[in-house]
Each structure stands twice: as C-alpha cells, then as structure tokens.
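Breakdown of the fold
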Amino acid sequence: MKRYSVFAVAREALRNHMGWERAWRSPAPKVRYDAIIVGAGGHGLATAYYLGKNHGIRNVAILEKGWLGGGNTGRNTTIIRSNYLQDSSAAIYEKARSLYETLSQDLNYNVMFSPRGVMMLAQTQHEIRGYKRTAHANALQGVETEFIGPGRVKELCPIIHIDGPRYPVLGALWQPRGGTARHDAVAWGYARACSDMGMDIIQQCEVTAVHQADGKVTGVSTTKGEIACDRLGIVVAGHSGVLANMAGFRLPIESLCLQALVSEPIKPCMDVVVMANTVHGYMSQSDKGDMVIGGGTDGFNNYTQRGSFHHIEETVRALIETFPMISRLKMLRQWGGIVDMTGDRSPIISKTPLGNTYINCGWGTGGFKAIPGSGWAMADLMAKGEPGPLAEEFSMYRFREGKFIDESVAAGVAH
Amino acid sequence: MLTLTCPYCGVAADETELAAGGEAHLKRFGPGSTDAEFDTYMFARENPKGVHFERWRHAYGCGKWFLAARDTNTLEVFGTYPAQSSAPPQHIRDAITAKRPGWTWRDFA
Ligand SMILES: Cc1cc2nc3c(=O)[nH]c(=O)nc-3n(C[C@H](O)[C@H](O)[C@H](O)COP(=O)(O)OP(=O)(O)OC[C@H]3O[C@@H](n4cnc5c(N)ncnc54)[C@H](O)[C@@H]3O)c2cc1C
Ligand SMILES: [Zn+2]
C-alpha cells in the first residue's frame, strides 16, 4: 500500500491523479480463515485491525452483507465522548476516545477527529445533580470533565437560548476533549489498514447460517458459499438477534430504529456539540456546514431503517426552542439505523454459549465513539479466548448475575 | 405511520395514540424459579427480523392493553387480539400463514 502524505498529494497533482490505488482489495473468499468477523461496520473492522496489529492474527475475513460502513457506522451523528458514570464504561469509552486522538496517524487515514468539546445540558434540578455526580465520578476515573454554569454555556455556544420558558438551561456537563469524527472515514481507514495486512473484506456477502460441531463453531454459510473458520466474531449491531439465532442462542437485545437528519449547509455558527437530553435532541455542525441533528428511537421492534415521522417533529420542536435561529432552516435528508438496545444500555463484548464464538453488540444509540476501544477489547477476547480488563464486565451473562452496568439512568438517550 | 386496530373499541389507531409494550406471550417466572428461567423471562428476547408478537396499549383511547402480530421488517400488520389470549388465536395464525408460509415464533407456528 502506498502511504498517503502531502508528498503523495503533490505527486498525484502533477500526474492528473492517475496513480491513486484502490483503498482496499475486493477478493473472493478463501475456503478457510483463522478468524471470521461478521459485519464490516466500525466495530467489526476495528476488531479485525487490532487482531492483526496487537495479536498477529492476519488470516482474517470480514464478511459484510451490504457495503462496508453502510450500517449504523455510516448513519450516526458521530458524537464522541467518554463522560459515563460507571467505571467499566468510562474505561472502555475513554480508551476509545484516547485512541481517536491519534487514529489518523495510526491508520494513515484522515478520520477528521475534532475534539471540539461536548456539552450535555442540564435543564432540570435532577439533571444538575446527576451531571455533578458524573463529573465527580469522571474526576476519579481520570476522565476530564467539568460541570459549568449557564453563563459559560452561552459563552461556549452563543446560539443557545438559555432562558427558555419550560426548560431553561441551568448548566452543563462539559467534556472539552470530546467531539466528532468523520464516520465513513473511520470505517474506510480501518478497512484500508486491514486490507493492507492481507485480510479479506468481502462485501455483498451475507452470512445465512452458522455451523458447529462438538459445541464449537466450524464455519458459516454465506451468499458467496461455505467458509470455514476456527473463530467467529459476530459484530452486526441491529442484526445481532438474527445471528445469535443462527448460532443457537438468544440475547438480551431488542432492535429499534433511531433517526437522524441534516439541514442545508450554513456558515459556521456552532463549534461545540450540544446534547439536550431532557427535551430530547442534539446538534452539531459538520465541516460542510450542515447542522447534524439526532433524535429519538421508535418504541417498537423495527428493522426498516426508516423511522416514524412524529419523532422528527418532536426532535425539531425541541431544538427550535433551544436554538431559535434554526427555525427557518431547511432539512435536507433524514434516515434511520437499527440500534441494538440492552436493558442496562451498556454493550456486550462476550463469549457465547457456542465455543470459539464471540459477540460484540448492544452499543445501541452510542457506539460510534467506542469503535477503537471496542475493537481493541474484542480482538483481545478473540485472540486469547478470555476477556481482558476492558471487556470482562461486559459479558452477556451479567444480566443473569445481576451485574448490570447501568447507564440507562445516566445517559438513557440517543447519543 | 403505523396503524393498529384496537380489538376493544375497534378504532384504527395511529402510532401516536398507542404505547408500545414489548414482546408478547412472556411466561412470568418469579420467586422459586431457577436463575436461567428468570434471566430468560426478564431479559432474553426473540427480536426477530420478520413475524413478531407484541404488546401495545391504546394509551390515548380506551387505555387497554392488547396484542398485535406484525412483521418487524416490513411493518405489515397481520392482526390484533385481546391481551387475555395466552397464544395467538387461529385466525391471526392463518392471516400470517397466508402471507408468510412456514413462519414460526417460539413454539407457535
Ligand atoms: C441515527 C443514529 C445516530 C447515532 N449517533 C451516534 C453518535 O452520535 N455517537 C455515537 O457514539 N454513536 C451513535 N450511534 C450509534 C452508532 O452508530 C453504533 O453504535 C455503531 O455505529 C455500531 O457500529 P457497528 O460496527 O457495531 O454496527 P454497523 O455499523 O451497523 O455494522 C454492522 C454491519 O453488519 C452487517 N450485517 C448484518 N447482518 C449481517 C449478516 N447476516 N451477514 C453479514 N453482514 C451482516 C450490516 O450490514 C452492517 O454493515 C448512532 C446510531 C444511529 C442509528
Ligand atoms: Zn381501544
């Protein structure tokens, strides 16, 4: 693989850009791999990358039913933060956030990580108390956050209306090193690096059955034929229940549709990310200038990637109250993604009832921020067969054992 | 918008008039059950891509709970029936079979 650099740009400029290589190969599947990963979203690709980079396992295939990054990874609103309440959450999200800081250099691919700061508005007395508690927890966890007053909120984000009649802004939990990244670039960067290590990314290849012998996985059937493997990683977000069914177990997961929308591009007006959980909306401005807006999930099981219209209305209504200047902005596009929700709103990185089969799911409405850390922890689990310190609390068996990692109280909203 | 007909008042209710209540026909396990039984009842879900049975409440109507058979992949509704049913009634199963021959859901078919 030729490295991307300022010299490469100059060289290609001189020869009409005829020398750029394809970013990844599109090979036909081999008969057998040491490890197969189902799902080429951010989490699946990151898992493969760290399997190769940290553990030297490179005979790996990543199987994707659609196109890589076409699931939630390419549909999310790209907020990155690590200001969670529980220690095990803070550990993995902060690992991910800190890997994001140097990811562009590591992958030799510009993922446009922009630590512009994230603020979560407190608009009720309960939220003030909750966020102060989180700020204290973060101080103990070594995650830099701060509870700030309404004056500072207005200073950091002048377009906010802080004295709304129903929910005035009373303060915010501020994480200065949170921010955003380019979602497609994260998938593409990992894909390019995986392909460069000799891994096979096979798109348009849906897994339709999981085969086993003596309680262990032996391979999968796909729309491109049978493929054998020693180890299987299931990393399919909203389709986790479908894959678990193929592998013969059930999960504590329900799939719901979460929506987002973007406006027409406008001049720069907002250089932080704002989340307003009480009124249910969040917004940031992309580098192109469009306002990126996220809203609520439908309440019922859903695989349609569309979403109900009234949720958009609710979100937009809330945001117009918070940011009156957007009231006449035109919305360009709206879409949905199928998010995998667990009862405690925390993810699963776990062994499964089927031997040599591992699952990474349950990131629900908030897993983009976790991609590097999750891939790191999942690769560790798949390489060693046992979870390392980052993953061990996230077992799928924690529900039976009552060891919830309860973030639904702290962050029970799309993010 | 998703529209379900309330089996009690017969109103074709829009989604905004209803509250979703999750998977239907769960068998409750309480004190005295095994950990596995309790875990399965409390947390494990079918979550299928396709035919699904679920609970709904006519929240801004008669206020009553009812059950619905629906396809989670197409949002097609096969029918609704009273919450007192411990299994989907035959006419609902027939309506599903007409459109999805060979369907199964837990022990139902
Ligand atoms: C609207 C929206 C907004 C969001 N906003 C944020 C945010 O601001 N910040 C944040 O941190 N997170 C956010 N999220 C959540 C985040 O997008 C997800 O948690 C994350 O992208 C999940 O990545 P993944 O790799 O696990 O899943 P995906 O990217 O969904 O990848 C899974 C892949 O598996 C493939 N697959 C499924 N079944 C099969 C099969 N049988 N065979 C082969 N392949 C299969 C799919 O095609 C898909 O490409 C948001 C999500 C949505 C929908
Ligand atoms: Zn009714």
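Look a little higher up for the structure.
Summary of the structure given here. Just so it is clear, the structure is predicted and the values come from calculations on it, not from any experiment.

Section: the interface of chain A and chain B
On the chain B side, the residues contacting the 22 residues of chain A number 24 residues. When the buried surface of chain A facing chain B is broken down by residue, Arg250, Phe300 and Tyr303 of chain A rank first, second and third, together holding 33% of it. Between chain A and chain B we count 2 salt bridges in total. Across the pair Asp39 of chain B and Arg400 of chain A runs a salt bridge whose closest N-O atoms are separated by 3.6 Å. At the junction of chain A and chain B, the tally comes to 11 residue pairs in polar contact (both at pLDDT 80 or more). Listing elements by their share of the side of chain A that touches chain B, those giving two or more residues are helix 8 (240-247), strand 12 (253-265) and helix 11 (398-401) of chain A.

Things to note about the side chain of Ser374 of chain A
Residue and element names in this part refer to chain A. Structurally, Ser374 is set in helix 10 (residues 371-384). Owing to a relative accessible area of 0%, Ser374 belongs among the buried residues under this scheme. Residues within four places of Ser374 in sequence aside, it is in contact with His43, Ile92, Asn360 and Trp363.

What about the nonpolar core?
Soluble globular proteins: nonpolar side chains tend toward being buried together. Membership of the largest hydrophobic core comes to 51 residues, with the highest contact counts inside it found for Leu45, Tyr100, Tyr190 and Ile349 of chain A. Elements with a minimum of two residues in this core: strand 1 (32-38), helix 2 (42-55), strand 2 (60-63), helix 3 (87-101), helix 4 (103-107), helix 7 (183-196) and helix 10 of chain A. Among the elements that make up this core, the one with the highest residue count is helix 7 of chain A (7 residues). Look past the residues within four positions of Tyr190 of chain A in its chain and what remains in contact with it is Leu45, Ala46, Tyr49, Tyr50, Leu103, Leu107, Ile371 and Pro372 of chain A. By size, the runner-up hydrophobic cluster in this structure holds 29 residues, among which are Val236, Ala247 and Ile253 of chain A together with Phe43 of chain B.

Concerning empty space enclosed by the protein
All names here are of chain A. As enumerated under the stated definition, the model contains 2 cavities of 30 Å³ or more in all. Roughly 60 Å³ of volume is contained in the largest cavity. Taken together, Gln123, His161, Gly164, Pro165, Arg166, Tyr167, Val169, Val279, Ala318, Glu321 and Thr322 form the lining of the largest cavity.

Regarding the pattern of salt bridges
Residue and element names in this part refer to chain A. Considering all chains together, one arrives at 25 salt bridges over all chains under this definition. One salt bridge in this structure joins Arg398 and Asp344, with 2.8 Å as the shortest N-O distance. With Arg398 in helix 11 and Asp344 in the loop between strand 16 (331-342) and strand 17 (348-351), this residue pair connects regions lying 54 residues apart in the sequence. A single network of salt bridges, built from pairs that share partners, joins Glu94, Arg97, Glu101 and Arg177.

Points about unusual backbone geometry
Residues and elements named next belong to chain A. In the Ramachandran plot, Met112 falls in the positive-phi region, its phi being about 55 degrees despite a non-glycine side chain. Taking relative accessible area as the criterion, Met112 reaches 34% and is therefore assigned partly exposed. Positive phi values are uncommon outside glycine, yet Gln305 reaches one of about 50 degrees. Along the chain, Gln305 turns up in the loop between strand 15 (290-297) and helix 9 (309-322). Since its relative accessible area comes to 32%, Gln305 is described here as partly exposed.

Description of helix 7 of chain A
Residues and elements named next belong to chain A. When the terminal C-alpha atoms of helix 7 are compared, their 20 Å separation across 14 residues agrees well with the 20 Å that a helix rising 1.5 Å per residue should span. Those residues of helix 7 that are buried lie in contact with helix 2, strand 2, helix 3, helix 4, strand 8 (200-202) and helix 10. Two residues or fewer after helix 7 comes Gly198, characterised by a positive phi angle close to 95 degrees.

Notes on the environment of Phe368 of chain A
Residues and elements named next belong to chain A. Looking at the element boundaries, Phe368 is found in the loop between strand 18 (357-361) and helix 10. In the structure, Phe368 is positioned 228 residues away from Leu140 in sequence and 24 Å away in space, judged by C-alpha atoms. Beyond its immediate stretch of four places on either side in the chain, Phe368 contacts Asn76, Thr78, Ile79, Ile80, Tyr100, Ala181, Arg182, His183 and Val186.

Digging into the sheet that holds strand 15 of chain A
All names here are of chain A. Here 8 strands make up an open sheet; going across it, the order is 5-6-4-13-14-15-12-16 and the pairing mixed. Of all strands in the sheet, those with a lone pairing partner are strand 5 (146-148) and strand 16, marking the two edges. In this sheet, neighbouring strand axes are inclined to one another by 20 degrees on average, regardless of whether the strands run parallel or antiparallel. As paired elements, strand 12 and strand 15 share 5 bridges and run antiparallel to each other. Looking at strand 15, one finds that Leu261 is bridged to Ile293. Its contacts with the sheet put helix 5 (residues 125-141) on strand 4 (118-122), strand 5 and strand 6 (171-175), and the angle it makes with strand 4 is roughly 145 degrees.

About the thresholds
- Numbering of residues starts from 1 in every chain and runs along the sequence as written.
- By the order in which they are written, chains take letters starting at A while ligands take numbers starting at 1.
- With the structure being a predicted model, the display of local features is reserved for residues of pLDDT at least 70 and the display and counting of side-chain atom pairs for 80 or more, all residues being used for whole-chain, interface and lining totals.
- Hydrogens and waters are ignored; side-chain quantities use all the structure's heavy atoms.
- The contact definition used throughout considers only heavy atoms, calling two residues in contact when any of these lie within 4.5 Å.
- Buried area counts how much accessible surface, traced with a 1.4 Å probe, disappears from two parts once they are put together, with both parts' losses summed.
- The working definition used for a salt bridge is a side-chain nitrogen of Lys or Arg within 4 Å of a carboxyl oxygen of Asp or Glu.
- Whenever a nitrogen or oxygen atom comes within 3.5 Å of another N or O atom, the pair is scored as a polar contact, on the condition that within protein one atom can donate a hydrogen and the other can accept it, and that pairs from neighbouring residues in sequence are kept only if both atoms are in side chains.
- Numbering of helices and strands runs from the N terminus, with a helix taken as a DSSP run of H or I at least four residues long and a strand as a DSSP run of E at least two residues long.
- Only protein chains enter the calculation, and the probe is 1.4 Å; a residue is then buried if its accessible area is under 20% of its type maximum, exposed if over 50%, and partly exposed in between.
- Definition of nonpolar core: a set of buried residues of the types Ala, Val, Leu, Ile, Met, Phe, Trp, Tyr and Cys, connected through side-chain atoms within 4.5 Å.
- Here a cavity denotes grid points, spaced 1 Å and computed from the protein atoms alone, that fit a 1.4 Å probe unable to get out, and a pocket denotes an open set having protein on both sides within 12 Å along at least 5 of 7 lines; residues with an atom within 4 Å of a point are the lining.
- Grid points are joined across faces, edges and corners, and a volume is the space filled by probe spheres set on the points.
- By definition here, a helix of n residues has an expected span of 1.5 Å times n minus one.
- In this analysis, strands are considered paired if DSSP registers two or more bridges between them.
- Convention adopted: a line fitted to C-alpha atoms gives each axis, helices being fitted over their contacting stretch, and angles between N-to-C directions are expressed from 0 to 180 degrees.

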